[in-house]
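This is what each chain is made of:
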Amino acid sequence: VGFPSVGKSTLLNKLTGTFSEVASYEFTTLTCVPGVIRYRGAKIQLLDLPGIIEGAKDGKGRGRQVISTARTCNLILIVLDGLKPLSHRFLIEHELEGFGIRLNKKPPGIVFRKKERGGINFTSRVSNPQLDKEAVKQIMAEYRIHNADIHLREDCTDEDLIDVIEGSRIYIPCIYVVNKIDQMTEYEIADLESLPNYCPISAHTEENLTNLLEMVWDQLRMIRVYTKPKGQLPDSEEPVVLAKDATVEQFCKKIHKGLIKDLKFALVWGTSVKHNPQKVGKDHVLHDQ
């Protein structure tokens, strides 16, 4: 996602080989253009969304349709123009947060349960938390909630509590892709590289795209598991792609839902076992390759 004419379509073209119209005028891309990146044996779908403008979260420029698509993704790339102020990042974040997207954050450590009676019960593991009982009661009153249990597992703000009550927030990792570094100085690029979750690139000259793909892979937290037919070599062409810390049970369900019913044990090769092969159960945690 990003403002118009920052290089999103060019980036899609370079990474996936998919054609997305590129031009010098704004709003060249009017619909979502999908492409597939083949990286480390896995297929990663990349979506080029139309440029968003200020007020997108309120529906301006078809912003609601664009941001609602971003809510379904596992990773968001905010593409910024390196020749313009990097404060544009905060404008885009504001639009995304207005639609319930929280970038590079974890869900708040708050346990919230409604109940039929008993009033507001507030407890905390944290000494001197930012939220006190009076503040919690005030927020609950605004939502017309009069009976609930709230427990803080960590220090949280009033905004965190509101996110938990709303229940429609999603937490997505994000990479800030700063484009057009071929027109920037070495000092400016070095400053960008020192910032967390930033990746300076040039979509036009394809500079640093390899590093961007590595960051995408790390943020997606995926592993590749290869099947091995009995008496044959492993199938190294088409891995089964799973989330990190996936188990044998999840692997079986990815192949076929009924496979787990007949599973007695699995033979596993790789770094997740001490011996190659080793018999494991359905709860065994698999490693990449």
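Residues numbered from 1 in each chain as written. Predicted model: local features only at pLDDT ≥ 70, side-chain atom pairs only at ≥ 80, totals over all residues. Heavy atoms only, no water.

Quick notes on the overall build of the chain
So, step 1. Scanning the chain for helices and strands turns up eight helices and 14 strands.
So, step 2. With respect to the principal axes defined by its C-alpha atoms, the chain has extents near 65 × 60 × 35 Å.
So, step 3. Put simply, 57% of the contacts in the chain that link residues at least 6 apart link residues at least 24 apart.
So, step 4. Counting every atom, the chain has about 17,200 Å² of accessible surface; 48% of that belongs to carbon and sulfur. (Helix = DSSP H or I, 4+ residues; strand = E, 2+ residues; numbered from the N terminus. Contact = heavy atoms within 4.5 Å. Areas by Shrake-Rupley, 256 points an atom, 1.4 Å probe, with all protein chains shown as cover.)

Examining the sheet that holds strand β7 (residues 148-152)
So, step 1. What the three strands build is an open sheet, ordered β5-β7-β6; its pairing is mixed. Each end of this open sheet is capped by a strand with a single partner; those strands are β5 (110-114) and β6 (120-124). For this sheet, the mean angle separating the axes of adjacent strands, direction not counted, is 10°.
So, step 2. Inspection of the sheet shows β5 paired to β7 by five bridges, in the antiparallel sense. Of the residues in β7, the one forming a bridge with V111 is H151.
So, step 3. Here helix α4 (residues 133-142) sits on the sheet and contacts β5, β6 and β7; the angle it forms with β6, its principal contact strand, is near 135°. (Pairing = 2+ DSSP bridges. Axes fitted to C-alpha atoms, helices over the stretch in contact; angles between N-to-C directions.)

Some remarks on a nonpolar patch on the surface
So, step 1. Taken together, the side chains of F265, L267 and W269 present a nonpolar region at the surface, about 310 Å² in accessible area.
So, step 2. Residue placement: F265 occurs in the loop between α8 (248-255) and β13 (266-268). (Patch = residues over 30% accessible without salt bridge, like charges linked within 9 Å, V, L, I, M, F, W, Y side chains within 5 Å. Salt bridge = Lys/Arg side-chain N within 4 Å of Asp/Glu carboxyl O.)

Brief notes about the pairing of strand β1 (residues 33-39)
So, step 1. Burial along β1 is one-sided: V33, G35, I37 and Y39 are buried, while P34, V36 and R38, pointing the other way, are not.
So, step 2. Across seven bridges, β1 lies against strand β2 (residues 42-48) in antiparallel orientation. Pairing of V36 across the sheet is with Q45, part of β2. (Buried < 20%, exposed > 50% of the residue type's maximum accessible area, 1.4 Å probe, protein only.)

Details of the sheet that holds strand β9 (residues 174-179)
So, step 1. Taking strand neighbours across the sheet as the criterion, the three strands line up as β3-β9-β10 in an open arrangement whose pairing is parallel. Sheet topology places β3 (76-81) and β10 (198-200) at the edges, where each strand pairs with a single neighbour. Across the sheet, the mean angle from the axis of one strand to that of its neighbour is 25°, orientation sign disregarded.
So, step 2. Taken together, the three bridges between β9 and β10 define a ladder with parallel strand orientation. Each bridged residue has a counterpart across the sheet, and for Y176 the counterpart in β10 is Y198.
So, step 3. The strands touched by helix α3 (residues 88-97) are β3, β9 and β10; relative to β3, the strand with the most contacts, the crossing angle is about 145°.

Description of the layout of surface pockets
If a probe as big as a water molecule is rolled over the atoms, it shows which places are left empty.
So, step 1. What the largest pocket holds in volume is close to 750 Å³.
So, step 2. The wall of the largest pocket is formed by 26 residues, among which Y226, K228, L267, V268 and W269 lie closest to the centre.
So, step 3. Elements supplying a minimum of two residues to the lining of the largest pocket: β11 (222-225), α8 and β13.
So, step 4. Tallied by class, the residues present in the lining of the largest pocket amount to 15 nonpolar, seven polar and four charged. (1 Å grid on protein atoms, 1.4 Å probe; cavity = no way out; pocket = protein on both sides within 12 Å on 5 of 7 lines; lining within 4 Å. Points joined across faces, edges and corners; volume = space filled by probe spheres on them. Nonpolar A, V, L, I, M, F, W, Y, C, P; charged D, E, K, R; others polar.)

Notes on the packing of α4 against helix α5 (residues 158-166)
Geometry of a packed helix pair, given as the angle between the helix axes and the separation of the axes.
So, step 1. With their axes 11 Å apart at the nearest point, α4 and α5 run at an angle of 40° to one another. As the angle between them shows, α4 and α5 are arranged oblique. Considering how the two elements wind past one another, α4 and α5 form a crossing that is right-handed. Contacts between α4 and α5 involve V136, I139 and M140 on the former and, on the latter, D158, L161, I162 and I165.
So, step 2. Looking at the contact of α4 with α5, its residues break down into six nonpolar, no polar and one charged. (Parallel < 35°, antiparallel > 145°, perpendicular 65-115°, else oblique. Left-handed = near helix turned anticlockwise from the far one by under 90°.)

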